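Chain by chain, the residues:
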Amino acid sequence: MIETKRIKMYPASREQMEEIIALEPCEELKVAYSEMLEGCLQHIDEWEWYAMWNIELNNGTRVGDLCFKGLDSKGVVEIGYGILEEYQGQGYATEAVKAVTEWALQKNNVTAIEAETDVDNIISQKVLAKCGFIANGVIGEEGPRFVLTRG
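Residues numbered from 1 in each chain as written. Predicted model: local features only at pLDDT ≥ 70, side-chain atom pairs only at ≥ 80, totals over all residues. Heavy atoms only, no water.

### Notes on the sheet that holds strand 4 (residues 62-71)
Note the following rule: A strand pair is defined by DSSP finding two or more bridges across the two strands. Helix and strand definitions here come from DSSP, where helices need a minimum of 4 consecutive H or I residues and strands a minimum of 2 consecutive E residues; each element is numbered from the N-terminal end.
Within the open sheet, the eight strands sit side by side as 1-2-3-4-5-6-8-7. Their pairing is mixed. Edge positions in the sheet fall to strand 1 (2-3) and strand 7 (134-139), since each has one partner strand and no second. Pairing of strand 4 with strand 5 (residues 76-83) involves six bridges; the strand directions are antiparallel. Bridge pairing in strand 5 links Leu71 to Val77.

### Section: the environment of Trp103
Heads up, the rule is: A contact between two residues is defined here by any heavy atoms of the two lying within 4.5 Å.
Summarising the element assignment, Trp103 is placed in helix 3 (residues 92-105). Residues Trp103 and Pro144, 41 residues apart in the sequence, show an inter-C-alpha distance of 24 Å. Excluding residues within four positions of it along the chain, Trp103 makes contact with Ile2, Glu48, Trp49, Trp53 and Phe68.

### Quick notes on the environment of Val100
Selection rule: Think of it in three bands: with a 1.4 Å probe and only protein chains considered, a residue is buried below 20% of the maximum accessible area for its type, exposed above 50%, and partly exposed in between.
Positionally, Val100 belongs in helix 3. With relative accessibility at 0%, the residue Val100 sits in the buried group. For the pair Val100 and Cys67, spaced 33 residues apart in sequence, the C-alpha separation works out to 9.7 Å. Among all residues touching Val100, those that are not within four sequence positions of it are Ile2, Met9, Trp53, Leu66, Phe68 and Ile79.

### A word on helix 4 (residues 122-130)
Worth spelling out the cut-off: Of all possible arcs, the one meant is that of the directions from the helix axis to the C-beta atoms.
Taken residue by residue, helix 4 has Ser124, Gln125, Val127 and Leu128 as its buried positions. Looking straight down helix 4, one finds its buried side chains confined to an arc of 155 degrees; they lie on one side. Residues of helix 4 that are exposed and angled more than 90 degrees away from the buried face: Ile123, Lys126 and Lys130. Residues of helix 4 that are buried in the fold lie against strand 5, helix 3, strand 6 (112-116) and strand 8 (144-149).

Set out below in structure tokens:
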């Protein structure tokens, strides 16, 4: 578990992920969460690099989630995140991304963290900038890619 002043984050269990998948109304997110669960089951010893992480207020209220998209052989991991609409604009995304990237970069096998955001998602791009990510000039499937390296 990773804790900050206002939030705590932890990898969801199989049961939690199955429940979230079952209740998720957005088909795109349902597919993404299902892929995360499949990655977890294929890489049990690396659960934290494939699982959906819950983002909760310290009182247990769920405000969003984030995920890593597997750790590659070069030590690069991609991060994704989302904050529920009613909690947006309160700094939770920045707080969560900063804390979890600091945690990840302390792992010996992690050399860099990447993120990709829609071209029009200026708010997410600002979150990444506040957390030290730099645009790397690559355009991915969803839009520009950003990188944060150790150092």
